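Take a look at the letters that make up each chain.
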Amino acid sequence: MARTPRPRPDDEAQLRLTPAEREKLKAVVLDANAYGHARPDLDRLARWAQRLAAMGVETWVPEPVAWEWAEHLVRDWEVMKNAARKERGRLESAGLEVPAPLGYPTRDDVIAAVLTNLSKIPGVKVIALTGRSAVEGLKDQVLLRRPAKTKGEGDKATKTGASDSAWLRDVFDLAEPDEILIVTSDGDVQAACEAWGKPVPNLRSLAQLRSTLFDFKVDDGHARTAIIRYLTERLPIDQTDQDALDIGRISGLEAAYAAKLEDRDDGTASVYGAEVTELVALAGIGVVRVQVDEVPEDAPTNGWVDPTDPGTAHPEIVDAVVFFLATGEATLQQVPQADDLEMRVATIGNVLVRANLTFEFSDGVISEMSADTDAAAMLLERAFDESYEFEEDFMTALAMVPGVTFDEGTLEDHQSFDVPGTDAHIEVSVTRDGEDWTAEIDLWRGQSDDEALRSLDGTIGVECRYNTDSWLGGGRDGFQGPEAFPVGVYGNGLHHGHSIWSLSAWLLQTITWPRFRCSPRRCSRPRRMTNPPTREQTDGCHSTCVHATVSHGRVTTGSEGVVFDGVGVRRGVRQVAGDLCASGLRTVRSCQYVQDVPVPRYSSTGIGCTP
């Protein structure tokens, strides 16, 4: 089979999925040869699944792949079971006590154990083989329909391909080709897709998977986008519920509402208490600061990185200033007209909450949110004393949308903004008539100057007109009263009670924010291991010893076909035992002697091993 070549250093960047590809990714699928010798390492598989699950990506193992892994491990079990049979007989004939070997009674027990261990791994989904796919896969092999093929020549040629053909059909029934990434080390998947006229999904070897999906560096652009998506998916939310969004203690609403009552000066009620009851929508995101990385404690110091190891997701911390539209309730104490006090509850529909939040990112995804300080609540104005106050508030609200910036703080008649990391385009048009004016906002999808290639997602706007009734006293002897310029917003989907800030909230809610908008971390290519781990370093849960002889500097076991040398060039007893152990299977513990010299004991670590 053709092997997937190891990329050159300048190809490393090409391995990484684009943000659009990463956005669509639904599952990572493992082929039987994902582990080069077709024997799984369940400990690493569990860690791969854990990191993928944190990104919202599933790990799929097709059922025929699981069967093939089990069958290969059965061969290893037979090698271990038979390796010392002759030597055990000789020792017993000499009257020596030989402990009974530990293990599994039959090959069926081994297969069952492998499949059970696989099914217990959190985050790993075994894709059941359907009858239809099994039949079609078998027909492919028997009839030699592509992608089936033969191995060998002439009468000794063997037909193959039913397994891959079957499980690929089931996988494509569950996901589109661009929604999966297949970990494989041959070209069979590509051949199948070409034969069926399907797009070829992303294909990677296990050694390329980490560079493809992980080791992203969070920048402020990605962090801003991820925070918007994270919060908008959770809003609106009842802040009186136990599952309320933790943005810290919210203060300031009681004082703001009391001041509003004082401005009215009707003396009919006083505020007895006030609280925010609901966070309605995300209204804006201000300063975003990514904390500087520290060198992880488990960072390699010897310069060698095992590319097949998923590694550890090192969290990155991001601080952000966030604004929410909110509602609240105030308890009012009525000025008594009689002896009994009267209490009532008033709804407050124009609250803006400012919060300082901290987000923890792992592999480009928010894993935790917290608040280190109190959030502040304030009341939004629905009318202004001067028109310039409205203009300032309008620009402040829109500037909380990524990409919207007003040069030198001026609002021109027509301005346009591209929203970074998206295909959204915002156009703001302003019409002035003296002190009255109107601002209209068009949200387009598709960043192109040609309107035929763009689509309009919606139009919203705001009007500010002078209220002649605000002039008090009449004629020249009168004077200007407060709130001379009331504001009204228009458009579908707006929170009208929140006035100007409902415009920024609508934009943040309507724009499609990608899950991943990352600048890839520059990853150095893993170096070739010049000093492999020593036997002492690889010792794990237990050791397995077998009878061996030395011939021409090479150690061989008494079992046919099992050969290894000092660095394990071919699969030997040490590797066989390690594969069994890594698959969660128990291996035999015994100790034999050759010419009165103990044979070195080899071991490998794996989950589920017993001492």
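Reading the values: the criteria
Residues numbered from 1 in each chain as written. Predicted model: local features only at pLDDT ≥ 70, side-chain atom pairs only at ≥ 80, totals over all residues. Heavy atoms only, no water. Helix = DSSP H or I, 4+ residues; strand = E, 2+ residues; numbered from the N terminus. Buried < 20%, exposed > 50% of the residue type's maximum accessible area, 1.4 Å probe, protein only. Contact = heavy atoms within 4.5 Å. Areas by Shrake-Rupley, 256 points an atom, 1.4 Å probe, with all protein chains shown as cover. pLDDT = per-residue confidence, 0-100. Pairing = 2+ DSSP bridges. Axes fitted to C-alpha atoms, helices over the stretch in contact; angles between N-to-C directions. Phe/Tyr/Trp six-rings, centres within 6.5 Å; stacked < 30°, edge-to-face > 60°. Parallel < 35°, antiparallel > 145°, perpendicular 65-115°, else oblique. Left-handed = near helix turned anticlockwise from the far one by under 90°. Nonpolar A, V, L, I, M, F, W, Y, C, P; charged D, E, K, R; others polar.

(A) Quick look at the overall build of the protein. Looking only at helices and strands, the protein has 16 helices and 29 strands in total. Buried residues in the protein amount to 45% of all 611 residues. Expressed as a percentage of contacts within the protein between residues at least 6 apart in sequence, the contacts between residues at least 24 apart total 72%. Per element, the accessible surface of the protein, about 31500 Å² overall, is 49% carbon and sulfur.

(B) Expanded view of the confidence of the model for the protein. Here the protein averages 76 in pLDDT, while 73% of its residues score no lower than 70. Overall, residues 588-611 carries pLDDT values under 50, and its contacts beyond four positions in sequence, including any with other chains, amount to 65 contacts.

(C) Layout of the sheet that holds strand β1 (residues 27-30). Ordered in space as β3-β2-β1-β6-β7, the five strands form an open sheet in which the pairing is parallel. Of all strands in the sheet, those bounded by a partner on one side alone are β3 (124-127) and β7 (202-204). For this sheet the average axis-to-axis angle between neighbouring strands, irrespective of direction, equals 30°. Note: β1 against strand β6 (residues 180-183), four bridges, orientation parallel. In the strand pairing of β6, Leu30 is matched with Val183. Along the sheet, helix α3 (residues 42-54) makes contact with β1, β2 (58-62) and β3, crossing β2 at roughly 140°.

(D) Just the packing of aromatic side chains, in detail. Across all of its chains, the model carries nine aromatic pairs by this definition. Plain terms: the ring middles of Tyr230 and Phe359 are 6.1 Å apart, the flat faces sit at 85° to each other, and that makes the pair edge-to-face. Of this pair, Tyr230 sits in helix α11 (residues 220-232) while Phe359 is found in strand β13 (residues 342-362), placing the two residues 129 residues apart along the sequence. Considered together, Tyr230 and Phe359 belong to a single accessibility category, that of buried residues. Between Phe394 and Trp437, the ring centres sit 6.1 Å apart and the planes meet at 90°, which makes this aromatic pair edge-to-face.

(E) Summary view of the environment of Leu398. Residue placement: Leu398 occurs in helix α13 (residues 387-398). A C-alpha to C-alpha distance of 7.9 Å links Leu398 and Trp501, two positions 103 residues apart in sequence. Apart from the residues lying within four places of it in its own chain, the contact partners of Leu398 are Val404, Phe406, Val428, Ile441, Leu503, Ser504 and Leu507.

(F) Main features of the packing of helix α4 (residues 63-83) against helix α6 (residues 107-119). Running from amino to carboxyl end, α4 crosses α6 at an angle of 135°, the nearest separation of the two axes being 9 Å. As far as their axial angle goes, α6 and α4 are oblique. Along this stretch, α4 crosses α6, giving a crossing that reads as right-handed. In this structure, α4 contributes Ala66, Trp67, Trp69, Ala70, Leu73, Val74, Trp77 and Glu78 to the contact, and α6 contributes Arg107, Val110, Ile111, Val114, Leu115 and Leu118. Within the contact of α4 with α6, the residues separate by chemical class into twelve nonpolar, no polar and two charged.

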